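# Summary of the model geometry
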Amino acid sequence: GDMFVDPSSTPEERIIKAQESNDLLSTLEQFAEGLSERDSQIYEGRIMAPFRGEDPTPAKDLAALFGVSKQRMSQLEKRVRDNLKNHMLEARQAA
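Quick summary incoming for the structure in this document. (Residues numbered from 1 in each chain as written. Predicted model: local features only at pLDDT ≥ 70, side-chain atom pairs only at ≥ 80, totals over all residues. Heavy atoms only, no water.)

### Considerations on the overall build of the chain
Secondary structure assignment for the chain yields four helices and zero strands. Whereas a compact globule of 95 residues would reach a radius of gyration of roughly 12 Å, the chain reaches 17 Å, over 25% beyond that. Expressed as a percentage of the 95 residues in the chain, the buried residues total 22%. Put simply, 52% of the contacts in the chain that link residues at least 6 apart link residues at least 24 apart. Here the chain has roughly 7000 Å² of accessible surface; of this, 53% comes from carbon and sulfur atoms. The distance from the centre of the 13 positive side-chain charges to the centre of the 17 negative ones in the chain is 10 Å. (Helix = DSSP H or I, 4+ residues; strand = E, 2+ residues; numbered from the N terminus. Rg over C-alpha atoms; globule rule 2.2 N^0.38 Å. Buried < 20%, exposed > 50% of the residue type's maximum accessible area, 1.4 Å probe, protein only. Contact = heavy atoms within 4.5 Å. Areas by Shrake-Rupley, 256 points an atom, 1.4 Å probe, with all protein chains shown as cover. Lys, Arg positive; Asp, Glu negative; His and termini not counted. Charge placed at Lys NZ, Arg CZ, Asp CG, Glu CD.)

### So, the pattern of salt bridges
Using the criterion set out here, one finds seven salt bridges in the structure. In this structure, R52 engages E44 in a salt bridge whose closest nitrogen and oxygen atoms are separated by 2.6 Å. We classify R52 as partly exposed; its relative accessible area is 42%. Put simply, E77 and R46 hold a salt bridge, and the shortest N to O gap is 2.9 Å. Remark: R46 occurs in helix α2 (residues 37-48) and E77 occurs in helix α4 (residues 70-94); sequence separation between them is 31 residues. Salt bridges linked by common partners bring E44, R52 and E54 together as one network. (Salt bridge = Lys/Arg side-chain N within 4 Å of Asp/Glu carboxyl O.)

### Here we look at the packing of aromatic side chains
Here the distance between the centres and the angle between the planes together describe a pair of aromatic rings. A complete count under the given rule lists one aromatic pair for this structure. For the pair F31 and Y43, a centre-to-centre distance of 5.3 Å together with 65° between the ring planes defines the contact as edge-to-face. Placement of the pair is F31 in helix α1 (residues 11-33) and Y43 in helix α2, with a sequence separation of 12 residues. Of the residues examined, Y43 reaches a relative accessible area of 2% and is grouped as buried. (Phe/Tyr/Trp six-rings, centres within 6.5 Å; stacked < 30°, edge-to-face > 60°.)

What follows is the structure, given as structure tokens:
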């Protein structure tokens, strides 16, 4: 069973919760589809990995892969995170 479902919730409440979850996944997928290859690797390796129960890819590993400094890698990751935050806010406002 789903450990996040409140057993005292009504079927209607469970349907709404499932729809919200689907909307979130859809919004995240839309964001990921618009990313460049490099941003996609940052997003998947640094941001989404913990949600899949994985350790995030070390920033220094991605920096080496992309041929950039660790400082530049931090800037790139911050930009992806900021873009994700803006995407989520826009999606919420559009709903």
